[in-house]
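Fold and contact review
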Amino acid sequence: VLVCGATVSRAEWKMQIYRGGNVDFYRLADIDSLKFFDDTLSVPGMVTIPAGVFMMGDGAAHCGTQEHQVTLTRSFYLGRHEVTNQEYLEAVQWALDHGYVTATTTSVRDNLDGSTQELLKLAGQCEIAVNGGTFPLRDVGHGINPHHPVKEVTWYGAVRYCDWLSLQAGFPRAYQHTGDWACNGGDPYGAQGYRLPTDAEWEYAAR
């Protein structure tokens, strides 16, 4: 239970939070913001992957020769399917409308934090095109398919997509867009909002 109150016997306002019979006091002048959320709610289009322990690697594959036990201490959400043409199209349209990207007939590039990295190649098998200030779908030989997995996205375009979703949801961006583009300062597991799964999370979920 959260109860907001204010003291009148002092010259500054305070907030009281009652929890389990205890009361905590906070100076309102010290609080930047308040956000209420239910962290038990499901995220649309995603499934919850519970925390757990697994053996990473298979002893044979090029990137899995060193088998070792990994403990994931936090549950996480993972998309039910690959990001679709329509999902990426809507996100990149939002980004263009807000000045976060630039677009030519052949490429979409980053436009934040001084970055100009290529995010999406509008050529080859990419089913997204650009026409003026909009991104329609195009036929590359098998019709218009909004539910196909998006193609020709660079790694930068993948993490940028995560950041667009975070910005839309009111979360801080997980990735810095300069230097090595580290996720949450090198701590992806502590990042808020959207990000790419780590190698360990992906292998654990796939298993």
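Here, every reference points to the structure presented above.
So, here's what we can say about the structure. From a predicted model like this one, the values you see are computed outputs, not experimental measurements. (Residues numbered from 1 in each chain as written. Predicted model: local features only at pLDDT ≥ 70, side-chain atom pairs only at ≥ 80, totals over all residues. Heavy atoms only, no water.)

Considering unusual backbone geometry
Which entries qualify depends on this criterion: For helices the rule is a DSSP run of H or I covering at least 4 residues; for strands it is a run of E covering at least 2, with both sets numbered from the N terminus onward. Think of it in three bands: with a 1.4 Å probe and only protein chains considered, a residue is buried below 20% of the maximum accessible area for its type, exposed above 50%, and partly exposed in between.
The phi angle at Glu 152 is positive, at roughly 70°, despite the residue not being glycine. Structurally, Glu 152 is set in the loop between strand S9 (118-121) and helix H2 (155-169). Of the residues examined, Glu 152 reaches a relative accessible area of 31% and is grouped as partly exposed. Not every positive phi belongs to a glycine, and Asn 184 is a case in point at roughly 50°. In this fold, Asn 184 is placed in the loop between H2 and helix H3 (199-206). According to the relative accessible area criterion, Asn 184 is partly exposed, its value standing at 32%.

A few points about the sheet that holds S9
Applied cut-off: Any two strands are treated as partners once DSSP identifies two or more bridges connecting them. To get an axis, a line is fitted to the C-alpha atoms, and for a helix only the part in contact is used. The angle between two axes follows their N-to-C directions and goes from 0 to 180 degrees. It only takes one pair of heavy atoms within 4.5 Å for two residues to be counted as in contact.
Spatially, S7-S8-S9 is the arrangement adopted by the 3 strands of the open sheet, whose pairing is antiparallel. Of all the strands in the sheet, just strand S7 (101-103) and S9 have a single pairing partner and so form its edges. Neighbour-to-neighbour, the strand axes of this sheet turn through a mean angle of 20°, independent of strand direction. The strands touched by helix H1 (residues 85-97) within the sheet are S7, strand S8 (107-110) and S9, with S7 carrying the most contacts at an inclination of about 105°. Running over the sheet, H2 touches S7, S8 and S9 and is turned about 105° from S9.

Focus on the pattern of salt bridges
Should the charged atoms of two oppositely charged side chains come close, the side chains can pair. Applicable threshold: Basic side-chain nitrogens of Lys or Arg form a salt bridge, by our definition, when they fall within 4 Å of a carboxyl oxygen of Asp or Glu.
Enumeration over the complete set of coordinates arrives at 5 salt bridges. Asp 110 is paired through a salt bridge with Arg 160; the nearest N and O atoms lie 2.5 Å apart. Separated by 50 residues along the polypeptide, Asp 110 in strand S8 and Arg 160 in helix H2 bring together distant segments of the chain. One salt bridge connects Glu 127 with Lys 151, and the closest N-O pair in it is separated by 3.8 Å.

Regarding a nonpolar patch on the surface
Note the following rule: Here a patch means residues that are over 30% exposed by relative accessible area and free of salt bridges, tied together within 9 Å if like-charged and within 5 Å if nonpolar (Val, Leu, Ile, Met, Phe, Trp, Tyr). Accessibility throughout is a Shrake-Rupley quantity obtained with a 1.4 Å probe, and a residue counts as covered only by protein chains that appear here.
On the surface, Tyr 18, Val 23 and Phe 25 cluster together into a nonpolar patch covering about 260 Å² of accessible area. Inspection of the secondary structure puts Phe 25 in strand S2 (residues 22-27). Take Phe 25: its relative accessible area is 48%, and that puts it in the partly exposed class.

A word on H3
An α-helical turn contains 3.6 residues, so a residue and the one three or four places further along point in the same direction. Which entries qualify depends on this criterion: Relevant arc is that of directions from the helix axis to the C-beta atoms, nothing else.
Listed as buried for H3 are Ala 200, Glu 201 and Tyr 204. Projected onto a plane normal to the axis of H3, the buried residues spread over an arc of 95° and lie on a single side. Looking at H3, the residues exposed on the side facing more than 90 degrees away from the buried face are Asp 199, Trp 202 and Ala 206. Residues of H3 that are buried make contact with strand S3 (46-49), strand S4 (52-56), strand S5 (68-72) and strand S6 (76-79).

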